[in-house]
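Summary of structural features
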Amino acid sequence: MEDELFDQIVSVFNKLVSWVAAGAMVFGGVVPYIPQYRDIRRTQNAEGFSTYVCLVLLVANILRILFRFGRYFETLLLWQSIIMIATMLIMLNLCTNVRMATEINTKRRSFIDFDWNYFWLWSRFVDYVQCVLAFTLVAAYITYLLLDSALFVETLGFLAVFAEAMLGTPQLYCNYQNKSTEGMSIKMVLMWTSGDTFKTGYFLLTQAPVQFWTCGLLQVFVDITILFQVYYYSRYPQKPVSHTVSHTTSAKAL
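Residues numbered from 1 in each chain as written. Predicted model: local features only at pLDDT ≥ 70, side-chain atom pairs only at ≥ 80, totals over all residues. Heavy atoms only, no water.

What to know about helix α5 (residues 125-146)
- With 22 residues, α5 extends 32 Å from end C-alpha to end C-alpha; this agrees with the ideal 32 Å at 1.5 Å per step.
- Of the residues making up α5, those classed as buried are Asp-127, Tyr-128, Cys-131, Val-132, Ala-139 and Thr-143. The arc that holds every buried residue of α5, seen down its axis, measures 135°, which confines them to one face. α5 presents Leu-133, Leu-137, Tyr-141, Tyr-144 and Leu-145 as exposed residues on the side facing more than 90 degrees away from its buried surface.
- For α5, the elements touching its buried residues are α3 (52-70), α4 (75-102) and α6 (150-165). (Helix = DSSP H or I, 4+ residues; strand = E, 2+ residues; numbered from the N terminus. Expected span 1.5 Å × (residues − 1). Buried < 20%, exposed > 50% of the residue type's maximum accessible area, 1.4 Å probe, protein only. Arc of directions from axis to C-beta. Contact = heavy atoms within 4.5 Å.)

Quick look at the pattern of salt bridges
- Considering all chains together, one arrives at four salt bridges under this definition.
- A salt bridge links Arg-71 to Glu-154; its shortest N-O distance comes to 2.7 Å. A residue pair is termed long-range when its members are at least 10 positions apart, and Arg-71 in the loop between α3 and α4 and Glu-154 in helix α6 qualify at 83 residues. (Salt bridge = Lys/Arg side-chain N within 4 Å of Asp/Glu carboxyl O.)

Section: the UniProt feature "transmembrane region" (unreviewed entry) in the protein
- As recorded in UniProt, the sites labelled "transmembrane region" (unreviewed entry) are residues 16-34, 46-66, 78-98, 119-144 and 211-233.
- Here residues 46-66 is 71% helix and 0% strand, with 31 Å between the C-alpha atoms at its ends.
- Split by type, residues 78-98 is 100% helix and 0% strand. Its first and last C-alpha atoms lie 31 Å apart. (UniProt positions renumbered as here; feature names shortened; annotations may be inferred.)

Some words on the nonpolar core
- Membership of the largest hydrophobic core comes to 42 residues, with the highest contact counts inside it found for Tyr-33, Ile-40, Phe-49, Met-88, Trp-120 and Trp-192.
- Every element with two or more residues in this core is listed here: α2 (33-43), α3, α4, α5, α6, α8 (186-205) and α9 (210-235).
- Once residues within four sequence positions are removed from consideration, Phe-49 is found in contact with Tyr-33, Gln-36, Ile-40, Cys-54, Met-91, Cys-95, Gln-171, Gly-183 and Met-188. (Core = buried A, V, L, I, M, F, W, Y, C linked by side-chain atoms within 4.5 Å.)

So, in structure tokens, the structure goes:
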């Protein structure tokens, strides 16, 4: 009787752990963007956050979803990609609204202008949605045509992993251009670092394919470099600290 009760407790505990792990797998990737979202909304300043981070993650997760048609992977990872895509669109919407509210006299740019000089610098959120839909349709059509090619499928999977590995590089470059990390959420980068370190360790322990842990190590290296930027630019400031001015129009935009 006691053995049966113990077995039931262990079974319930195992299910609970698996549910928590599944939740962490699906939603863990979006958690780092919560403090960044709150910072942008509070300060009405999106200058410190690179929207190219959103571009990288949108491309990576769209490619990962398409990769699933050629090589099956667990449904949790599929939901993770769907939720990440939705999160990046929410971040883009906020950044676009804030930027346009503070740049009232700036000439409006749109996706259908097809001006490469202003790629991913458009004035309306709908332009970003149009670009994402266009990329998805083209990538899906190419995948449909080449789905029987093992080389294409493996290349598609590698591109998805590599694109995600380059996640931090837009933020790294944005900090370098600004000569400051002001406006960037340090909590977000710390969460990136801890998550990428855990993920890379998991890949090494489970003897995952070499491209997985190689790209994981690259992610950790970029994260650490961004944290070094935080230290360097705070210790050796290279531009005056800007003071955010609240605008009534910005508040109305959100």
